[in-house]
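# Breakdown of the fold
Below, each chain spelled out in residue letters.
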Amino acid sequence: MRQPLIAGNWKMHGTRDSCRALASAIAGDLGTLQEAEVAIFPPYPSLPEAADAIRGTGIALGAQDLHPEAEGAFTGAVSGSLLRSFDCRYVLAGHSERRRLFGETDDAVKRKISRALASDLKPVLCVGESSEQREAGDGEEIVHKQVRIALAGMDSSVATRLVLAYEPVWAIGSGRPATPEVAAEMHALIRDDLRKFFGMTEGSEIRILYGGSVTPENAGGLLGQEEIDGLLVGGASLDAASFSAIARAAVGAYS
Ligand code: 13P
């Protein structure tokens, strides 16, 4: 049984005060939730205060990115070990905004996943096709390729620490989420890949999240699909009431 994970990616939003207030409100609303795991991914400088706000609750902290190297002269970048020392448990790798706007390659994503694991972080590998790729009939191949390159050669012993997130680029921030059926189709393909890579048991344990225009209204339908094990929420995670409603939809869908 995979425990659902509801994750809020705050992207480049907020100020010190608003991030602290958001983390505190989420801690108040969801801090004792048992049925689903909740994680928040604030911008880097807000990590320490977010960590303070959620301390003692069941909510986990994550970062939005890390550098593939352990440390060194990489101005502006942040290391996995630094994130771990600020109580991060998760880190995103390969978010489509990083791939598209910052030129992150599949190979760089692979190295980031290895670094995250070596830093005692749980990587959330984000994959997803663009609308042009989907329209050209290449969506599945693109997602296969992103999964294949990122996980090639990885030992099945790390499988339980991995999380996947299917985030179709066309659904992110567009107000046009994938339907539960469209998302479920891609999740099933990813699940097959994971079983091929890691074996039936380990490949079945990895959680696959859906992300892209998730709201309190559509969360329940998405989570009702067998292979959708949680949600990676952008815009709706910036409002504590919306994010809490999404997390509670997970409780409803899995009870
Ligand atoms: P939205 O929920 O704003 O579409 O963003 C999704 C996302 O990119 C989460 O990582």
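Figured I'd write up the structure that's included with this text. Position labels on residues start from 1 in each chain and follow its written sequence. The model is predicted, so local features are restricted to residues of pLDDT at least 70 and side-chain atom pairs to those at 80 or more, both for listing and for counting; the totals for chains, interfaces and linings are taken over all residues. Just so you know, side-chain values use all the structure's heavy atoms and leave hydrogens and water out.

## Structural notes on the environment of Leu22
For the record, the criterion: Numbering of helices and strands runs from the N terminus, with a helix taken as a DSSP run of H or I at least four residues long and a strand as a DSSP run of E at least two residues long. Partly exposed residues are those whose accessible area sits between 20% and 50% of the maximum for their type, while under 20% is buried and over 50% is exposed, using a 1.4 Å probe and protein chains only. Here a residue-residue contact requires only that any non-hydrogen atoms of the pair lie within 4.5 Å.
Of note, Leu22 is situated in helix α1 (residues 16–30). With relative accessibility at 11%, the residue Leu22 sits in the buried group. Spatially, the C-alpha atoms of Leu22 and Leu238 are 7.3 Å apart, while their sequence positions differ by 216 residues. For Leu22, the contacting residues outside a window of four places in its chain are Trp10, Ser237, Leu238, Asp239 and Ala240.

## Topic: the packing of aromatic side chains
Rule in force here: Pairing of aromatic rings covers Phe, Tyr and the six-membered ring of Trp, with a centre-to-centre limit of 6.5 Å; geometry is then stacked below 30 degrees between planes, edge-to-face above 60, and tilted otherwise. Each ring is checked for a lysine NZ or an arginine CZ that lies within 6 Å of its centre and within 35 degrees of its normal; such an atom marks a charge sitting over the ring.
The tally for this structure, following the rule as stated, stands at 3 aromatic pairs. Between Phe197 and Phe198, the ring centres sit 6.1 Å apart and the planes meet at 45 degrees, which makes this aromatic pair tilted. Classification of Phe197 as partly exposed rests on a relative accessible area of 31%. In this arrangement the basic side chain of Arg98 is found over the ring face of Phe102, its NZ or CZ atom lying 3.9 Å from the centre.

## Things to note about the site of the ligand
To be explicit about the condition: Each residue is tested against the molecule or strand, and it is near if at least one of its non-hydrogen atoms lies within 4 Å. Only the protein chains shown count as cover for residues, and all accessible areas are computed by the Shrake-Rupley method using a 1.4 Å probe.
In the vicinity of the ligand, the contacting residues are Asn9, Lys11, His95, Glu167, Ala171, Ile172, Gly173, Gly212, Ser213, Leu232, Gly234 and Gly235. Bound to the protein, the ligand loses 94% of the 300 Å² it would expose on its own.

## Some words on the sheet that holds strand β4 (residues 90–93)
Using the following cut-off: Any two strands are treated as partners once DSSP identifies two or more bridges connecting them. Note on geometry: axes are lines fitted to C-alpha atoms, helical ones only across the stretch in contact, with angles between N-to-C directions running from 0 to 180 degrees.
Strand order in this closed barrel of 8 strands is β1-β2-β3-β4-β5-β6-β7-β8, and the pairing throughout is parallel. Neighbour-to-neighbour, the strand axes of this sheet turn through a mean angle of 25 degrees, independent of strand direction. With 2 bridges joining them, strand β7 (residues 207–211) and strand β8 (residues 230–233) adopt parallel strand pairing. Paired with Gly211 across the two strands is Leu232, which belongs to β8. Contacting β4 and β5 (122–127), helix α5 (residues 106–118) runs over the sheet at an angle of about 160 degrees to β5. Contacts from helix α11 (residues 240–254) reach β1 (5–9), β2 (37–41) and β8 within the one sheet, and its direction differs from that of β1 by about 165 degrees.

## So, the pairing of strand β6 (residues 163–166)
Taking every second residue as pointing to the same face, both faces of β6 are buried, with Val163 and Ala165 on one and Leu164 and Tyr166 on the other. Summarising the sheet, β5 and β6 pair through 4 bridges and their orientation is parallel. Across the sheet, Cys126 pairs through a bridge with Ala165, a residue of β6. By the bridge criterion, 4 bridges tie β6 to β7 in an arrangement that is parallel. By the bridge assignment, Tyr166 is partnered in β7 with Tyr210.

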